[in-house]
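The primary structure of each chain is shown beneath.
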Amino acid sequence: MTERREALNASGTNVVPGAYRGVAVASVGCELDEASLRRHFLGLEAYRRTRFIVVRNGAETALVAVQKASWDPLFSPITALRLLVDASECVYLEEPDVDTSIPGALARAARTHAPGKRGVVVQGRYSHVSFIIDPAPLRVTVREVVPPYPPKLLDQAQHVLDVAEHLPPIELVPDAVELDQLARSRTSANYLLPCRGGGVSIQGATTDYLDERPDRREWTLVGCERSQQIHEWFYGERAEQVDICPRKRVGGTGAVLAKCCLLETDLEVDDDRVIVPWGATLSQVSEALTILTREWEPMWAPA
Ligand SMILES: [Zn+2]
């Protein structure tokens, strides 16, 4: 059972307590160093779920992990204590809008209100108290094409992260290329874009839209391989093309989330990248972020 994970061993970055947070808050009159806290807490009874204690003395806050004699009775004496974050590196925030069950929300609160602090305790929505130690969000580059605005995949990924209890803090790094900018990479008097709905036209050139099946003329297709296949179906030949598929864009390092026109139903894992279908659902985006997390933060789990 995850709630029985050994809190004393909590280590690494992005340490957050697990689902049944097991976080107690205690006010004490003693100093907040480990020896004083041991003297204070060892032998005291703690509730069966308690694994971490946010210890406060006036304006000072420290974070400790505790072990109890037994998990079974409702209360059991504390038998071991480890100071996880010293008062000099710890801060207590009252942020009623922060959902403390979301690791990413804890990390964002830490970065916004307590940059540089190792341990950040947040008293958030529903007055729940949780914490994060050594926040270090995983950076995920989100590769796509705009318009539409906001960039859809980026927007979906942010929606997922806003409610993701199971993911570590993730920072999305947008890598969105504008369609008309891609078009200009190959000069042409006539461009063919995938659909009028995008609202894009290219200055100084005529623009046709493939979804309207216009009469064939000499043009440069600004689209993906799927658009090229449609072109071939309509006109019996392939067009001059600027390929816009985000999957084909290279460069950069680290975790990448991209979409591809050719994927219709399933996502694909491709080395350090996860590719979702053009019309990915939120649950597919969530699955993609979960896969990236396993790949890049294999040791991460709520403490
Ligand atoms: Zn593609």
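Residues numbered from 1 in each chain as written. Predicted model: local features only at pLDDT ≥ 70, side-chain atom pairs only at ≥ 80, totals over all residues.

## Thoughts on the overall build of the chain
Right, so step 1: Helix and strand counts for the chain stand at six helices and 17 strands.
Right, so step 2: Taken against the 2.2 N^0.38 rule, which gives 19 Å for 303 residues, the C-alpha radius of gyration of the chain at 26 Å runs more than 25% over that of a compact globule.
Right, so step 3: A principal-axis box enclosing the C-alpha atoms of the chain has dimensions of 85 × 35 × 30 Å.
Right, so step 4: By residue count, 37% of the 303 residues in the chain fall in the buried class. (Helix = DSSP H or I, 4+ residues; strand = E, 2+ residues; numbered from the N terminus. Rg over C-alpha atoms; globule rule 2.2 N^0.38 Å. Buried ≥ 20, exposed ≤ 12 C-beta atoms within 10 Å, placed from the backbone.)

## Some details on the packing of helix α3 (residues 152-162) against helix α6 (residues 282-296)
When two helices pack together, their arrangement is captured by the angle between the axes and the distance separating the axes.
Right, so step 1: Orientation of α3 relative to α6, taken along the N-to-C sense of each, is 75 degrees, at an axis distance of 9 Å. The angle between the axes of α3 and α6 places the two elements in the roughly perpendicular class. Listed contacts from α6 to Gln156, Ala157, His159 and Val160 of α3 are Leu282, Val285, Ser286 and Leu289.
Right, so step 2: Each residue belonging to the contact of α3 with α6 can be placed in one class, and the counts come to five nonpolar, three polar and no charged. (Axes fitted to C-alpha atoms, helices over the stretch in contact; angles between N-to-C directions. Parallel < 35°, antiparallel > 145°, perpendicular 65-115°, else oblique. Contact = placed C-beta atoms within 7 Å. Nonpolar A, V, L, I, M, F, W, Y, C, P; charged D, E, K, R; others polar.)

## Brief notes about the sheet that holds strand β12 (residues 206-209)
Right, so step 1: A sheet is described by the order of its strands in space; here four strands give the open sequence β12-β11-β13-β14, paired in parallel fashion. The outermost strands of the open sheet, each flanked by one partner alone, are β12 and β14 (240-243). The mean inter-strand angle of the sheet, taken between neighbouring strand axes irrespective of direction, is 25 degrees.
Right, so step 2: Bridging between strand β11 (residues 190-193) and β12 involves four bridges; their strand directions are parallel. Counterpart to Leu193 in the pairing with β12 is Tyr209.
Right, so step 3: Running at roughly 135 degrees to strand β13 (residues 220-223), helix α5 (residues 225-235) makes contact with β13 and β14 of the sheet. (Pairing = 2+ DSSP bridges.)

## Side note on helix α2 (residues 103-113)
Right, so step 1: Where burial is concerned, most of α2 is hidden: eight out of the 11 residues are buried.
Right, so step 2: Where α2 is buried, its residues touch β6 (90-94), β7 (119-123), β8 (129-133), α3 and β10 (170-178).

## Side note on the sheet that holds strand β3 (residues 52-57)
Right, so step 1: An order of β1-β3-β4-β5-β2 is seen for the five strands of this open sheet, with the pairing classed as mixed. Each edge of the open sheet is held by one strand with a lone partner, namely β1 (23-27) and β2 (45-47). For this sheet, the mean inter-axis angle between neighbouring strands, taken without regard to orientation, is 45 degrees.
Right, so step 2: Both β3 and strand β4 (residues 60-68) contribute to a ladder of six bridges, which runs antiparallel. Residue Ile53 lies in a different strand from β4, and its bridge partner there is Val64.
Right, so step 3: Contacts between helix α1 (residues 34-41) and the sheet are confined to β3, β4 and β5 (75-85), with β5 contributing the most and set at about 170 degrees to the helix.

## Some details on the domain arrangement of the chain
Right, so step 1: Under the domain assignment used here, the chain contains domain 1 (2-133), domain 2 (138-178 + 246-296) and domain 3 (187-242).
Right, so step 2: Computed over C-alpha atoms, the centres of domain 2 and domain 3 are 26 Å apart.
Right, so step 3: Listed as interface residues are four residues of domain 2 and, on the opposing side, six residues of domain 3.
Right, so step 4: The residue makeup of the side of domain 2 that touches domain 3, split by class, is four nonpolar, no polar and no charged. (Domains from an automatic or database assignment.)

## Focus on the nonpolar core
Right, so step 1: Within the largest apolar cluster, 79 residues are counted, with the highest numbers of intra-cluster contacts made by Leu63, Val64, Leu106, Val120, Ala157 and Leu257.
Right, so step 2: If we ignore the near neighbours within four places in the chain, the residues touching Leu106 are Val16, Thr100, Val120, Val122, Ser130 and Ile132. (Core = buried A, V, L, I, M, F, W, Y, C linked by C-beta atoms within 7 Å.)

## A look at the environment of Glu31
Right, so step 1: Relative to the helices and strands, Glu31 resides in the loop between β1 and α1.
Right, so step 2: Spatially, the C-alpha atoms of Glu31 and Glu60 are 9.5 Å apart, while their sequence positions differ by 29 residues.

## Structural notes on the pairing of β5
Right, so step 1: Sheet topology note: the β2/β5 ladder contains three bridges and is antiparallel. Opposite Glu45, over in β5, you have Pro77 as the bridge partner.
Right, so step 2: In this sheet, β5 lies alongside β4 in antiparallel orientation, the contact comprising six bridges. Within β5, the residue paired with Ala65 across the bridge is Arg82.
Right, so step 3: Remark: six residues form the turn of the hairpin made by β4 and β5, two consecutive strands paired antiparallel.

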